[in-house]
Amino acid sequence: MTALAINTDVGEGFGVWGPADEGDLLDLVTAANVACGFHAGDPDILRRTCEASAARGVAIGAQVSYRDLAGFGRRFIDVPKGTLVNEILYQIGALEVFARLAGSRVSYLKAHGALYNAAAHHPGHAAAIVEAVTLYDRELPLLCQPRTAVWERAVEAGCRPLAEAFIDRGYTDEGLLVPRSEPGALVTDPAEAARRALEMARTGTVTSVSGRTVRITPDGGEVAALCVHSDTPGAVAITAAVRTALAAAGVAVSTPDGLTAVPTGVRL
């Protein structure tokens, strides 16, 4: 392991709601998953967040979602595949304008919340994400989890999936995220989060909530990105601890567009 991206969800407000300043967190990460208006975010927030990210050299990523402001994108919506493709493209386009105005660009894509989780096993919604990426830019990195429907579809389409791991979320024995409603869903202790980050970086594994060692990398690949959610209690302290631990271990950090995708031909 030579480099990792550290990403976080930002711009998750609407109107007068939500954090006004996420600078402390943006100072620590290399990539910003910017809400594109469907689960959170509005034009003012998108522009402000893109400017704050670009000023720090932080990569701007489109965090696309179901159209679900009321549910913060954490509810599954059975959107027809064609409509979902267009909704994802719409979100990328909205963010791209503000990223360019800030002197940057949309440099990767990541699904949010229920769409991220559904795309792990829902063939239609996994295909919609990949189709939107290929229509926009086949070379655009796609952050997702290996051994999921969206990962497999991305490899088949010749896209650039990057293996993502979560330092502040619990894992099931299947290598997926523990639902937020269940015990062990969140990891809030900075020292524990840092230990997990090193485990992920060094071994490509994580310890599940049942104590099982679970592989979270694709065959022939490594973990490329570590995520911490901005709404996790103590997110800034968690990210600082992870950066310190990675630096001490000689693990460099980079942006998602500066990392190598899964080798061509590698499957799950």
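Novice: When you look at unusual backbone geometry in this model, what are you seeing that I'm missing?
Specialist: Trans is the common state for peptide bonds, and a negative phi is the common state for residues other than glycine. A positive phi angle, close to 55 degrees, is found at Phe72, a residue other than glycine. Along the chain, the position of Phe72 falls in the loop between β3 (59-64) and α3 (81-101). What makes Phe72 partly exposed here is its relative accessible area of 21%. Positive phi, close to 60 degrees, is recorded for Arg147, a residue that is not glycine. Position of Arg147 among the secondary structure elements: in the loop between β5 (141-144) and α6 (149-156). Look at Arg147 and you get partly exposed, because its relative accessible area is 33%.

Novice: I'm lost on the packing of aromatic side chains in this one. Help?
Specialist: For the coordinates displayed, the defined rule picks out three aromatic pairs. Consider the rings of Tyr66 and Phe76, whose centres lie 5.8 Å apart with planes at 90 degrees: the pair is edge-to-face. Highlighted residues: Tyr66 in the loop between β3 and α3 and Phe76 in the loop between β3 and α3, separated in sequence by ten residues. Residue Phe76 is classed as partly exposed on the basis of its relative accessible area of 45%. Ring geometry for Tyr116 versus Phe166: centroids 5.5 Å apart, planes at 90 degrees, classification edge-to-face. Taken together, the residues span a long stretch of sequence, with Tyr116 in helix α4 (residues 113-118) and Phe166 in strand β6 (residues 160-166) at a distance of 50 residues.

Novice: Explanation requested: the environment of Asp9 in the structure shown.
Specialist: Structurally, Asp9 can be placed in strand β1 (residues 3-10). When its relative accessible area of 3% is taken as the criterion, Asp9 is described as buried. Expressed as a C-alpha distance, the spacing of Asp9 and His229, which sit 220 residues apart in the sequence, is 5.6 Å. Among all residues touching Asp9, those that are not within four sequence positions of it are Glu22, Asn33, Gln63, Lys110, His112, Cys227, Val228, His229 and Ser230.

Novice: Can you help me understand the confidence of the model for the protein in this one?
Specialist: Predicted coordinates in regions of low pLDDT should not be interpreted in detail. Overall, the predicted model of the protein reaches an average pLDDT of 93, with 96% of residues at or above 70. In this model, residues 260-268 is a region of pLDDT below 50 whose contacts with residues beyond four sequence positions or in other chains number 22 contacts.

Novice: Any chance you could explain the pattern of salt bridges here in plain terms?
Specialist: Where charged atoms of side chains with opposite charge meet at close range, the side chains can pair. All told, the structure shown has twelve salt bridges when counted by the stated rule. Here Glu131 ties to Lys81 by a salt bridge, and the two come within 2.5 Å at their closest N and O atoms. Of the two residues, Glu131 sits in helix α5 (residues 123-137) while Lys81 sits in helix α3, which places them 50 residues apart along the sequence. Residue classification places Glu131 among the partly exposed positions, given a relative accessible area of 31%. For Glu192, the salt bridge is made with Arg195, and the minimal N-O distance between the two is 2.9 Å. Highlighted residues: Glu192 and Arg195, both in helix α7 (residues 190-203), separated by three residues, approximately one helical turn. Its relative accessible area of 29% is what places Glu192 among the partly exposed residues. The network of salt bridges with shared partners includes Glu192, Arg195 and Glu199.

Reading the values: the criteria
- Residues numbered from 1 in each chain as written.
- Predicted model: local features only at pLDDT ≥ 70, side-chain atom pairs only at ≥ 80, totals over all residues.
- Heavy atoms only, no water.
- Helix = DSSP H or I, 4+ residues; strand = E, 2+ residues; numbered from the N terminus.
- Buried < 20%, exposed > 50% of the residue type's maximum accessible area, 1.4 Å probe, protein only.
- Phe/Tyr/Trp six-rings, centres within 6.5 Å; stacked < 30°, edge-to-face > 60°.
- Contact = heavy atoms within 4.5 Å.
- pLDDT = per-residue confidence, 0-100.
- Salt bridge = Lys/Arg side-chain N within 4 Å of Asp/Glu carboxyl O.

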